[in-house]
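Chain and residue survey
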Amino acid sequence: MSVADSLLAYTLAATLLTLTPGLDTALILRTAAVEGGIKAFRAALGINVGCFIWGAVVAFGLGALLAVSELAYNVLKMCGAAYLLWLGMQLLLRPRQQFSVTQVKARATDNWFLRGMMGNVLNPKVGIFYVSFLPQFIPTGYAPMQWTFLLVAIHVLLGTLWSLTLITATRYASGVLKKPVVVKWMDRLTGCLFLVFAAKLAMSRR
């Protein structure tokens, strides 16, 4: 896969994943609706920092593993494929019936930046997802560390644009995302995407 193909494929995949309702979307919607746009944007910035923290953890660890061990590469590849397969099947066969911003509970801190950041940093699924997802889009022969940060930066940019869209159109976006048919089909579409990437990762060669 060429550099251009990798970037295009990753951007398309990351865009779909960003648009799929989840914890971050719920936090932004709830904060914008209850606390206002400024605090919601602070939460979005915190979420972005959390992504970069996980990206750094993955970049340094992933780069070291891939550089020194063929066995580690294969183990990581199969674990990543298995995780994506499991996640894809869950979303495809058991899509959510609803999405509610009330699922996001208020925490002790009133610092919305910290709240957004800690929501990501304390969620190991973000790290597992990065380890499983990002290696598929690193072109052969390129440094894993630099490419990991680049891919995380693209994900953060997409997330920021989506957060601004949600903040700007809070009521409309909230109503659409809470519709059962939208939630169900977004989960199913994302599940299919995960299955494709799981197969691609399992069959990939170093």
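All of the points below concern the structure found in this document. In this text, all values refer to a predicted model and were calculated from it rather than measured experimentally. (Residues numbered from 1 in each chain as written. Predicted model: local features only at pLDDT ≥ 70, side-chain atom pairs only at ≥ 80, totals over all residues. Heavy atoms only, no water.)

**Thoughts on the overall build of the protein**
In terms of regular secondary structure, the protein is built from nine helices and zero strands. Reading the helices (α) and strands (β) of the protein from amino to carboxyl end gives α-α-α-α-α-α-α-α-α. Taking contacts inside the protein between residues at least 6 apart in sequence as the whole, the part at least 24 apart equals 85%. Carbon and sulfur atoms make up 70% of the accessible area of the protein, which totals about 10700 Å². (Helix = DSSP H or I, 4+ residues; strand = E, 2+ residues; numbered from the N terminus. Contact = heavy atoms within 4.5 Å. Areas by Shrake-Rupley, 256 points an atom, 1.4 Å probe, with all protein chains shown as cover.)

**Observations regarding the packing of aromatic side chains**
The relative placement of two aromatic rings is captured by the distance of their centres and the angle of their planes. Summed over all chains, the structure comprises three aromatic pairs. Ring centres of Y10 and F137 lie 5.3 Å apart, and the angle between their planes is 65°; this geometry places the pair in the edge-to-face category. Of this pair, Y10 sits in helix α1 (residues 3-19) while F137 is found in the loop between α6 (124-133) and α7 (144-168), placing the two residues 127 residues apart along the sequence. Per residue, the accessibility class of Y10 equals that of F137, and both read buried. (Phe/Tyr/Trp six-rings, centres within 6.5 Å; stacked < 30°, edge-to-face > 60°. Buried < 20%, exposed > 50% of the residue type's maximum accessible area, 1.4 Å probe, protein only.)

**Details of a nonpolar patch on the surface**
Side chains of F41, L45, V49, I53, V57, F113, L114, L157, L161 and L164 sit close together on the surface and give an oily, nonpolar patch of about 770 Å² of accessible area. Sorting the residues of the nonpolar patch by element identifies α3 (37-68), α5 (112-121) and α7 as the ones contributing at least two each. Per-element accounting of the nonpolar patch gives the leading share, five residues, to α3. Looking at the element boundaries, L161 is found in helix α7. Of the residues examined, L161 reaches a relative accessible area of 48% and is grouped as partly exposed. (Patch = residues over 30% accessible without salt bridge, like charges linked within 9 Å, V, L, I, M, F, W, Y side chains within 5 Å. Salt bridge = Lys/Arg side-chain N within 4 Å of Asp/Glu carboxyl O.)

**Focus on α1**
Between its terminal C-alpha atoms α1 stretches 24 Å, which fits the 24 Å expected from 17 residues at 1.5 Å a residue. Of all the positions in α1, only S6, Y10, A13, A14, L16, L17 and T18 are classed as buried. (Expected span 1.5 Å × (residues − 1).)

**Describing the nonpolar core**
In globular proteins that are soluble, nonpolar side chains generally tend to be buried together. Counting residues in each nonpolar core, the largest one holds 28 residues, and the members touching the most others are Y10, Y130, F133, L134, F137, L151 and F197. At the level of elements, α1, α3, α4 (70-93), α6, α7 and α9 (180-203) are the ones that each hand at least two residues to this core. Broken down by element, this core gets its largest block of residues, six residues, from α7. Each residue touching Y10, except ones within four places of it in the same chain, is listed here: F133, L134, F137, L151, V152, I154 and H155. Counting residues in each nonpolar core, the second largest holds 12 residues, with L27, A40, W112 and I167 among its members. (Core = buried A, V, L, I, M, F, W, Y, C linked by side-chain atoms within 4.5 Å.)

**Looking at the packing of α1 against α7**
It is at 10 Å that the axes of α1 and α7 come closest, and there the two elements cross at 40°. Between α1 and α7, the crossing angle belongs to the class labelled oblique. Read as a crossing pair, α1 and α7 show a hand that is right-handed. Judged by residue contacts, V3, S6, L7, Y10, T11, A14, T15, T18 and L19 of α1 engage W147, L150, L151, V152, I154, H155, L158, G159 and W162 from α7. Here the residues of the contact of α1 with α7 sort into 12 nonpolar, six polar and no charged. (Axes fitted to C-alpha atoms, helices over the stretch in contact; angles between N-to-C directions. Parallel < 35°, antiparallel > 145°, perpendicular 65-115°, else oblique. Left-handed = near helix turned anticlockwise from the far one by under 90°. Nonpolar A, V, L, I, M, F, W, Y, C, P; charged D, E, K, R; others polar.)

From the geometry alone we can't say anything about function, so treat these as descriptive.
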